[in-house]
Each structure stands twice: as structure tokens, then as C-alpha cells.
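Chain and residue survey
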Amino acid sequence: MADKKFGRRLFGHQRTPSMEFKELTKKDAQISLAHELEKLTKTANMSEKEMMEKNFEGFQRLFSKFINESGTSVHWDKIERLPKDAIKNYSELPAMSDKAQIKDLLNQLVVIKLNGGLGTSMGCSGPKSVIPVRNDLTFLDLTVQQIEYLNKTYDADVPLVLMNSFNTDEETMKIIRKYSGFKVTIRTFNQSRFPRINKESLMPIAKSCRAEDDMEAWYPPGHGDFYQSFSNSGLLNEFIEQGKKVCFISNIDNLGATVDLNILGQCVTEGYDFIMEVTEKTRADVKGGTLINYEGKLRLLEVAQVPKDHEEDFKSVKKFNVFNTNNLWMRLDTVQTNIQEGLLDIEVIVNPK
């Protein structure tokens, strides 16, 4: 209808053969990818076929965004100063002291640790979480001790959930057996396993779904994959049915990321859907994410999203004076709603290898 009325015009611009060629190429690429993923699915074991299908559905959505969106989603001149009330000073939070109230709050909490990374940058070939850091205790040992201390002190039931990747899952599952005598329930799930694609053909380089055939043909996506993977695992619904209301997420190698009872109290009593712990940015943190005011909304800005000609501006501790610790608190029912209604819109950050 629109073509008949306006001829070859679209949104006031003349459609050129070049534009039409690009659109057809994008459509062909998506069709070809779907065909290749279908072939890969047929090589999966029956036990993992359903999960791989879910992974590939997520990858196709990501691929569609990748080829249909051009340029950064952040326009530098639209970034504004943070509103004064955007960040709440920790000292202003009410202190939690009543033991019965604390127990009630803890029984509504799930602690989630991001455990998908390898320790190669620290000279370790296995999961980063098994690197000894103090008195021969590993990151994972100390994390389990922290959760057990809460459970014992307040007679609570805070579960520890590890988000593994295909790189860390097998070894992690062996290691967590030694914690069976601790007062901590440990659950695990895997973040997605996505196929790497060839830069020229845009097709998967993997020949089968067996990661062990070619580990380099696969990658675990960024932490933004947490939401869908957590839901796909069934744990999100399970915890909600158990009466859990809040999850606290942090990196496994951040030993300062402990359960803060005052922040937990804010989540539950004030009903905040999402809280990000931030701290003052220093010159050692210039590559980490920061918080910005963008088109009237708070938004996380990562260095990979910054235009090349503004990278030095991004490193400024005066203009961008807060640093994202990646310690996140969120309501489980809100996560569930956002997934069910398709409201999560996470930007694609390309990482060429």
C-alpha cells in the first residue's frame, strides 16, 4: 500500500538499489543462519538438545540486532549530568539490627555469583573461582563461608547460586561436592553457549554442538545473558514459588561483594526493582562502567559503547565520577515480568577475535 502511494520512497527518503541490496543481504543472512543453526541442533545429544534450541533462539535475536542496527546507541551530546537524587548515600540507609527481622529478610534472598570466567589472566587454567587467595582458601571457599555465616548467625536459608559457563561448569560441579556438609544450599545453572561467527560469511564456524570438538568455536555471552539463562534454567520460577523475592548478583572474584543487610532492607521494605552499588571513580577504574543520565533515564555506559573520539572524555574522573561495582540487587518478580513481556533490550557489544 505504501509503495503504491509513495512510489519508491520510504520515510521521505529515496530508496536506492544499494539500500535494497543491503536489506536483502540482511534478510538472506538471517535465513542462512537459521538453516545453519538447525543443522547444528541435529548434532546435539538428546539431553542437551532442548537447551541448545533455547540458546540458539537467543542467539538469533542477538544476530538480528547485530545486522539490523548500525552505529552506537549512545549519542555523546545527549549525555547529561546525573540528577541529584539518582544516587543514595549509603550512610542514609536505615541500619538493620533486629535479629528476627533480619532472618525474615534473609529468607527472601538468593545470592548469585557470576562464575563463568577462567583464571587465565591470573595464571590459572581452570575457573577463576578456584584460585587460592588467602590461607589457601579460594574465591569459592570464601564465598561459601560468607553465606554459611549468615545462615548460621540468623538461622536463615540463603541459597548460593553459581552461574557457570561451558568453560567452568564441569570442574565447578566436581568442586562443590566438598561443601555438602555446610549450611548452604548450592545450585548452579549455565549461561548460554553461543556460536562464534565468521567475520566474512557471518555463519557459525562450529561444525557440531559438541563444544569439546572445538572450544574456540563457542563463547559465553556477557553478563547481560544472566536474565534469560536464569529463566531458561527454571531456577527463577522455582525461587519465586519458594517465596524468595530478591537476588543479589556479583562477580565471584569480588570478595568485597558481601550481603549488605541495610541494602537488602531497602530492596524489600521500599520495593525497589533494581539497585546498583556504585562507588567513587578513581584513575584505576577508568575502563569500568559508569552511570549516565540519557534521555531522562539512568543508564549504564561501558567503555565498549563509547565512540573512539570520546574515549579520553570517558576516562575523566570529573565528568564521570561514579564506578559500577557490578553488585546488583533486583526483585525476582520484576525479572520474571520483564522476560515474559519481552521488555529487556540489551545492546550488542561486538568483540572481534
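See the structure shown above.
Notes on the structure in this doc start here. (Residues numbered from 1 in each chain as written. Predicted model: local features only at pLDDT ≥ 70, side-chain atom pairs only at ≥ 80, totals over all residues. Heavy atoms only, no water.)

**As for the sheet that holds strand β3 (residues 79–80)**
Read from one edge to the other, the open sheet built from 3 strands follows the order β3-β13-β14, with strand pairing classed as antiparallel. Single-partner strands in this sheet number two, and they are β3 and β14 (297–301). Where strand β13 (residues 290–294) and β14 come together, 5 bridges link them in antiparallel fashion. Opposite Thr290, over in β14, you have Leu301 as the bridge partner. (Pairing = 2+ DSSP bridges. Helix = DSSP H or I, 4+ residues; strand = E, 2+ residues; numbered from the N terminus.)

**Section: the packing of aromatic side chains**
If you walk through the whole model with that rule in mind, you get 14 aromatic pairs. Taking 6.0 Å as the distance between ring centres and 75° as the angle between the ring planes, the aromatic pair formed by Phe194 and Tyr219 counts as edge-to-face. In this pair, Phe194 is assigned in strand β9 (residues 194–195) and Tyr219 in strand β10 (residues 218–219), connecting sequence segments 25 residues apart. According to the relative accessible area criterion, Phe194 is buried, its value standing at 4%. A connected cluster of aromatic rings, assembled from ring pairs, spans Phe59, Phe63, Phe66, Phe194 and Tyr219. Note that Lys281 overlies the ring of Phe314, its terminal NZ or CZ placed 4.7 Å from the centroid. If you follow Arg299 out to its NZ or CZ, it ends over the ring of Tyr294, 5.1 Å from the centre. (Phe/Tyr/Trp six-rings, centres within 6.5 Å; stacked < 30°, edge-to-face > 60°. Buried < 20%, exposed > 50% of the residue type's maximum accessible area, 1.4 Å probe, protein only. Lys NZ or Arg CZ within 6 Å of the ring centre and 35° of its normal.)

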